[in-house]
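Report on the structure
Here are the chains, one letter per residue:
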Amino acid sequence: MKQFEPPRPNAPKGGRSTPGSAAFAAASASASATALLQPRPDPLPVAAPPGPLPVPAAPPAPGETERLVGGWHHDPHGLLGAHPVPGGTAIRVLRPLAEQVVVETAAGRYLLSHHQDGLFTGLLPTNALPKTALPKTALPTGTSPDYRLRVTYEGREHLQDDGYRALPTLTADDLHLIGEGRHEQLWKALGSQLRTVDGVAGTGFAVWAPNASGVRVVGDFNGWNGLAHPMRSLGASGVWELFVPGVGEGTRYKYEIATRDGRILQKADPLARACEVPPATASVVERSTHTWHDADWLAARSGHSAHDRPMSVYELHLASWRPGLTYRELAVELPAYVHDLGFTHVELMPIMEHPFGGSWGYQVTGFYAPTSRLGSPDDFRHLVDTLHQHGIGVIVDWVPAHFPKDDFALARFDGAPLYEPADPRRAEHPDWGTLEFDYGRTEVRNFLVANAVYWAEEFHVDGLRVDAVASMLYLDYSREGGDWSPNEHGGRENWDAVRFLQEMNATVYRRCPGVVTIAEESTAWAGVTRPTDHGGLGFGLKWNMGWMHDSLEYIQHEPVHRKYHHDEMTFSMVYAYSENYLLPISHDEVVHGKRSLVSKMPGDWWQQRANVRAYLAFMWAHPGKQLLFMGQEFAQGAEWDHDTGPQWWVLAEDWPAAADHRGVQELVRDLNRLYTDSPALWQRDNDPAGFSWLDGGAAEDNLFSFVRHDAEGRPLISVSNLSPVVRHDYRIGLPDTEGTRWLEVLNTDAEGYGGSGITNPDPLKADATPWNGRPISTELTLPPLATLWLAPA
């Protein structure tokens, strides 16, 4: 038989070079001595003489060593560690590059023999280890045998613990729930877990790889050579597990997977809770030490739903909001800024780990890890905590629709399609060059449902905005002809995705009171926000893409042409109560040649700003929550650039047009203040009785007027004049209320906002003139390109 030669380890992606044999030997020996297995704080009593006793070898069955060191052994624990055999206790230890291995027990010290390829064996006397303490089954219960190892590398002796004497770190309940797809805290079972097992500190590793022939863990602690750390298969669960003593927080690692077709893959941990800073791709052992200070926030949140509370959302890309700031530095600036402007929530574009910054986070490789570009997971927790202490909710973008094809991540994870469907017509996402999830696979669905719960429970986020829902719901999404395969009924609906979304929503709402889920869904799929027990998908809110497209289309027309597009501003009320809506002016509308919000507007610079101000006030008064992307709150002129972020300099005092930009920013501040203080604008967003047109048909005048009512019937009127002319003595109907005087509480043409200053300074008196189908009305002056809000005096 040809002598087996251990393969040289592959360097993990991320900048490390592959070491030469001499350099690797030194690194591996050093790793084994210092980081691999640290001694326990309670050393065993030694009753043996100074010199170890040689013991007979206990070689494994023929071929077992080759399988073990080759990386395709499914049960290394059945070979390594301590095992009762006729005549004593067989101990086998895999220590590549070691010169000598001595087993130290309470009864003595025993010198093992080198068998081959770093495998040391010995047959200890029967009384050297208690038989009752030895594992006897594939999934043993009880205690493990108690011994330590003295391993010599390059003439130096190191005291180590043996991870192969440890029992499995996953419980029978864990494996049952994983098999059922109902492990709602999956991150506490799989991934890397800092543990203390029988008094020994270390890390338990567990990964789901059912198609693998063998799995090893590689990392800083073994010189990125997995020879010494093969993992055991835990039966039909498809989970591989290993406890490695001495591995602590901050250790980098990957899984080395032997595929059924003979390849060796190095993969990042799908359940890693921390990752290296890209472009490096290793996973990192993590432990949270953050102490939360948001108990009052969580308690208050749990008593309400998003539907009956104000929600004004500031969307931002954390990495470019203030380029160069870390999570902790952002925690100083962001909460203060958002609180000053009066937004109730922030929505963070995906903060899960992703290899390419230009994807803005929408191509995720680390679903359980906040991106390390801005700091540690606890640093992100600190940011969320600080936002909560400022009274600001946190929504994160979540991307269960697809994942990238990077070799180190989920794609063909164990050598075969695993997280993606086997059918390429369902696996390939045609728009983004990515892969879709196999929503019909129990473990994949569990991975995603638990991930949604993870962000709510571990990071206290208040909402998940689910990206690209439409691409999940339809099997023929962006596919033509025969490029898609129908469902079992011959249709285009992806019923597996439907069931997944229902399970995800139901689980999040059950486990995390007060958290809201929000769908970015651009089709007319019925029941997106209908409860799951009534057949709906179960989301709390849905982005109103129809309103966004129609209203932006209208406002970009020159005022002289707007009368021909009048229904683009009114059509949203035809379906306004078919779902629970959020009105989004998001990042998607200010990139890729679409121009910033103010640059979409017609006319000169004054008219552009006036249009923006009038449009935003119309939006804030329209039924539904609202979202505005960063930079649009002060009318920056350029599209968003993920490298440079918002154009903050336009607000500087020495900028010629700073006052113009500050005027729009001041308007947004007042819109949020008045919105939050006016229940009529949010309390009955989903109740048709909370809205009625005063005049929705004044196309010739480019005018829209309507009234909102709160739960007590108190009204607030919004009037938008989207023509560039002043309209004097313009009569509008009024709701039939006891009040006879109305105050102008907002006017987007106010000088402080950069307007012309045409206002209605005195209270408006209602008279008995019927108008717009109302028994009473009033006359007022309407500024050009402006929106007014009126409230009873």
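Parameters at a glance
- Residue indices begin from 1 for each chain and proceed along its sequence in written order.
- This being a predicted model, a pLDDT of at least 70 is required before a residue's local features are given, and a value of 80 or more before pairs of side-chain atoms are given or counted; all residues contribute to the totals for chains, interfaces and linings.
- Calculation of side-chain values draws on the structure's entire complement of heavy atoms; hydrogens and water are dropped beforehand.
- In this description a helix means any DSSP run of H or I spanning at least four residues, a strand means any run of E spanning at least two, and both kinds are numbered starting from the N terminus.
- Each residue gets one of three labels from its accessible area relative to the maximum for its type: buried under 20%, exposed over 50%, partly exposed in between, using a 1.4 Å probe on protein chains only.
- The charge count treats Lys and Arg as positive and Asp and Glu as negative. His and the chain ends do not count.
- Here the site of a charge means NZ on Lys, CZ on Arg, CG on Asp, or CD on Glu.
- Axis lines are fitted to C-alpha atoms, over the contacting stretch for helices. Their N-to-C directions set the angle, which ranges from 0 to 180 degrees.
- The scheme is simple: roughly parallel for angles under 35 degrees, roughly antiparallel for over 145, roughly perpendicular for 65 to 115, oblique for anything else.
- Any two residues having at least one pair of non-hydrogen atoms within 4.5 Å are treated as being in contact.
- When residue character is reported, Ala, Val, Leu, Ile, Met, Phe, Trp, Tyr, Cys and Pro are called nonpolar, Asp, Glu, Lys and Arg charged, and the others, Gly included, polar.
- By definition, pLDDT measures how confident the predictor is in each residue, and it falls between 0 and 100.
- When DSSP locates at least two bridges between a pair of strands, those strands are taken to pair.
- Each polar contact in these results corresponds to two N or O atoms within 3.5 Å; when the atoms are within protein, one needs to be able to donate a hydrogen and the other to accept it, and residues that are neighboring in sequence are counted only if both atoms are side-chain atoms.
- As defined here, a cavity is a set of points on a 1 Å grid over the protein atoms alone where a 1.4 Å probe fits but cannot get out. A pocket is an open set with protein on both sides within 12 Å along at least five of seven lines, and residues line them when an atom is within 4 Å of a point.
- Grid points are joined across faces, edges and corners, and a volume is the space filled by probe spheres set on the points.
- In the sections that follow, a salt bridge refers to a side-chain nitrogen of Lys or Arg positioned within 4 Å of a carboxyl oxygen of Asp or Glu.
- Among the buried residues, those of types Ala, Val, Leu, Ile, Met, Phe, Trp, Tyr and Cys that are joined through side-chain atoms within 4.5 Å form a nonpolar core.

If you tally the helices and strands in the protein, you get 16 helices and 37 strands. Each principal axis of the C-alpha atoms in the protein carries an extent, and together these give about 110 × 60 × 45 Å. For the protein, the residues scored as buried account for 60% of the 793 residues in total. If the 66 positive side-chain charges of the protein are averaged to one point and the 98 negative ones to another, these points end up 6 Å apart.

Attention now moves to the packing of helix 3 (residues 172–180) against helix 9 (residues 442–459). Interhelical geometry of helix 3 versus helix 9 gives an angle of 105° and a closest axis separation of 7 Å. By the angle class used here, helix 3 and helix 9 are roughly perpendicular. Facing Leu-177, Ile-178, Gly-179 and Glu-180 of helix 3, the residues of helix 9 in contact are Thr-442, Glu-443 and Asn-446. Each residue belonging to the contact of helix 3 with helix 9 can be placed in one class, and the counts come to 2 nonpolar, 3 polar and 2 charged.

Further remarks concern the confidence of the model for the protein. For the protein, per-residue confidence averages 91 on the pLDDT scale, and 92% of positions sit at 70 or higher. Between residues 1–49, whose pLDDT stays under 50, and residues either more than four places distant or in other chains, the model counts 108 contacts. Here residues 131–142 is a poorly scored stretch, pLDDT under 50, and it has 22 contacts once near neighbours within four places are set aside; other chains count.

Moving on, we get to the environment of Val-284. Tracing the backbone through its elements, the reader meets Val-284 in strand 17 (residues 283–284). The class of Val-284 is buried, set by a relative accessible area of 14%. When the C-alpha positions of Val-284 and His-661 are compared, they lie 44 Å apart, and in sequence the two are 377 residues distant. Not counting chain neighbours up to four residues away, the residues in contact with Val-284 comprise Ser-192, Gly-250, Thr-251, Arg-252, Tyr-253, Ala-274, Cys-275 and Glu-276.

Taken together, 8 strands build a closed barrel; the order of strands is 18-19-22-25-26-27-28-29 and the barrel is parallel. Along the sheet, successive strands turn relative to each other by an average axial angle of 25°, direction set aside. Across 2 bridges, strand 27 (residues 541–543) lies against strand 28 (residues 581–585) in parallel orientation. In the strand pairing of strand 28, Lys-542 is matched with Tyr-581. Contacting strand 27 and strand 28, helix 12 (residues 545–555) crosses the sheet at an angle of about 40° to strand 28.

Within the secondary structure layout, Ser-359 lies in the loop between strand 20 (352–353) and strand 21 (366–370). You can call Ser-359 buried: its relative accessible area is 11%. Of note is the side chain of Ser-359, whose polar atom sits 2.9 Å from the backbone oxygen of Phe-356.

Taken as a whole and judged by the stated rule, the model has 7 cavities of 30 Å³ or more. In this model, the largest cavity occupies a volume close to 100 Å³. Lining the largest cavity are 15 residues, with Cys-275, Thr-281, Glu-353, Thr-365 and Phe-408 positioned closest to its centre. Among the residues forming the lining of the largest cavity, the class breakdown is 7 nonpolar, 5 polar and 3 charged.

Turning to the pairing of strand 7 (residues 119–124), a few remarks are in order. Along strand 7, 5 of the 6 residues are buried, which leaves the element largely enclosed by surrounding structure. As judged from the 6 bridges shared by strand 3 (residues 88–94) and strand 7, these two strands associate in the antiparallel manner. Paired with Ile-91 across the strands is Gly-122, a residue of strand 7. As judged from the 3 bridges shared by strand 6 (residues 113–116) and strand 7, these two strands associate in the antiparallel manner. Counterpart to Ser-113 in the pairing with strand 7 is Thr-121. Between strand 6 and strand 7, which pair antiparallel and follow one another directly, the connecting turn spans 2 residues, one of which, Asp-117, has a positive phi of 55°.

For the rest of this paragraph, the subject is the pattern of salt bridges. Pairs can form between side chains of opposite charge whenever their charged atoms are close. Summed over the entire model, instances satisfying the criterion amount to 49 salt bridges. One salt bridge connects Glu-436 with Arg-479, and the closest N-O pair in it is separated by 3.0 Å. Note that Glu-436 is positioned in the loop between strand 24 (434–435) and helix 9 and Arg-479 in the loop between helix 10 (469–473) and helix 11 (495–511), a separation of 43 residues in sequence. Residues Glu-436 and Arg-479 agree in their burial class; the two are buried. Between Arg-492 and Asp-476 there is a salt bridge whose closest N-O contact spans 3.0 Å. In this pair, Arg-492 is assigned in the loop between helix 10 and helix 11 and Asp-476 in the loop between helix 10 and helix 11, connecting sequence segments 16 residues apart.

Attention shifts here to the sheet that holds strand 11 (residues 200–208). On the basis of which strands lie adjacent, the open sheet formed by 4 strands has the order 10-11-14-13 and antiparallel pairing. The strands lining the two open edges of the sheet, one partner per strand, are strand 10 (191–197) and strand 13 (232–233). Sheet analysis places strand 10 next to strand 11, joined by 7 bridges and oriented antiparallel. Across the sheet, Gly-191 pairs through a bridge with Ala-206, a residue of strand 11.

Let us look at the nonpolar core. Leu-318 and Phe-380 are the most contacted members of the largest nonpolar core, which has 178 residues in total. It is helix 9 that provides the largest number of residues to this core, a total of 11 residues. Excluding residues within four positions of it along the chain, Leu-318 makes contact with Tyr-327, Leu-330, Leu-334, Leu-348, Ile-351, Leu-374, Phe-380 and Leu-383.

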